[in-house]
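# Architecture at a glance
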Amino acid sequence: MLKVRSGDLDKMGLLFQRHHRPLYGFLFHMTQQREASEDMMQNVFYRMLRSRHTFTGEGEFRTWMYHLARNVLKDHLKQVRRRGNHYSVADYEERLPAGGAADEQIERKLEIKALEKALGSLTPENREVLVLARLQELKYAEIAEVMEISVGAVKVRVHRAINQLKELYCQSETQNK
């Protein structure tokens, strides 16, 4: 990113290759919307380019990137609230790979759906910290920097989010039986 900052814009392609999948994953897990996540991911890279002068190199690039991603996500959620759009998770459900017993596929699909429902039911703060910690595998110190809170607060939020997720998942599983 320091090379991009100093004018070597060709290096932006390399940054995209390295970071677009985890960034998309973060945005998708926060919104459950494929197309919106793709648009937001591109917007994050656009903002990186536009705001390249703000990257000092003192902190980690990923931290800076996720900070920008959170801002893009907040902007997106504001727009959705203003427009009043509602999306169904079923419209964006990932396809299961073919093969295996039909019963196993159905069971796996139900488990994924229950987990997605539980993840979607978390408060936005709990979902965000859980996605960053468990799915994006950011270190607690990186999350603390991205969210502008202490490492201790991150640990507490992750713990609470996991407990809330377990509770919601178990409720969903009980309702489905």
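The rules behind the values
- Residues numbered from 1 in each chain as written.
- Predicted model: local features only at pLDDT ≥ 70, side-chain atom pairs only at ≥ 80, totals over all residues.
- Heavy atoms only, no water.
- Helix = DSSP H or I, 4+ residues; strand = E, 2+ residues; numbered from the N terminus.
- Buried < 20%, exposed > 50% of the residue type's maximum accessible area, 1.4 Å probe, protein only.
- Contact = heavy atoms within 4.5 Å.
- Phe/Tyr/Trp six-rings, centres within 6.5 Å; stacked < 30°, edge-to-face > 60°.
- Patch = residues over 30% accessible without salt bridge, like charges linked within 9 Å, V, L, I, M, F, W, Y side chains within 5 Å.
- Areas by Shrake-Rupley, 256 points an atom, 1.4 Å probe, with all protein chains shown as cover.
- Salt bridge = Lys/Arg side-chain N within 4 Å of Asp/Glu carboxyl O.
- Lys, Arg positive; Asp, Glu negative; His and termini not counted.
- Charge placed at Lys NZ, Arg CZ, Asp CG, Glu CD.

Considering the arrangement of structural elements, one finds Leu 122 in the loop between helix 5 (102-121) and helix 6 (124-135). We classify Leu 122 as buried; its relative accessible area is 3%. As a C-alpha pair, Leu 122 and Leu 168 span 46 residues in sequence and 8.1 Å in three-dimensional space. Leave out the neighbours within four places in its chain, and Leu 122 touches Arg 127, Leu 130, Ala 161, Gln 164, Leu 165 and Leu 168.

Turning our eyes to something else, we now look at the packing of aromatic side chains. The tally for this structure, following the rule as stated, stands at six aromatic pairs. Where Phe 16 meets Phe 45, the ring centres are 5.0 Å apart and the plane angle is 65°; that geometry is what we call edge-to-face. Residue Phe 16 is found in helix 2 (residues 11-31), and its partner Phe 45 is found in helix 3 (residues 34-50); the two are separated by 29 residues along the sequence. With relative accessibility at 7%, the residue Phe 45 sits in the buried group. Centroid distance Phe 55 to Phe 61: 6.0 Å. Interplanar angle 80°. Geometry classified as edge-to-face. The exposure class assigned to Phe 55 is buried, which follows from its relative accessible area of 6%. Looking at Phe 61, the relative accessible area reads 13%, which means it is buried. Here a set of aromatic residues connected by ring pairs shows up, and it is made of Phe 55, Phe 61 and Trp 64.

This next bit is on a positive patch on the surface. A surface patch of positive charge is lined by Lys 74, Lys 78, Arg 81, Arg 82 and Arg 83. Here Arg 82 shows up in helix 4 (residues 61-83). Overall, Arg 82 belongs to the exposed group, its relative accessible area being 67%.

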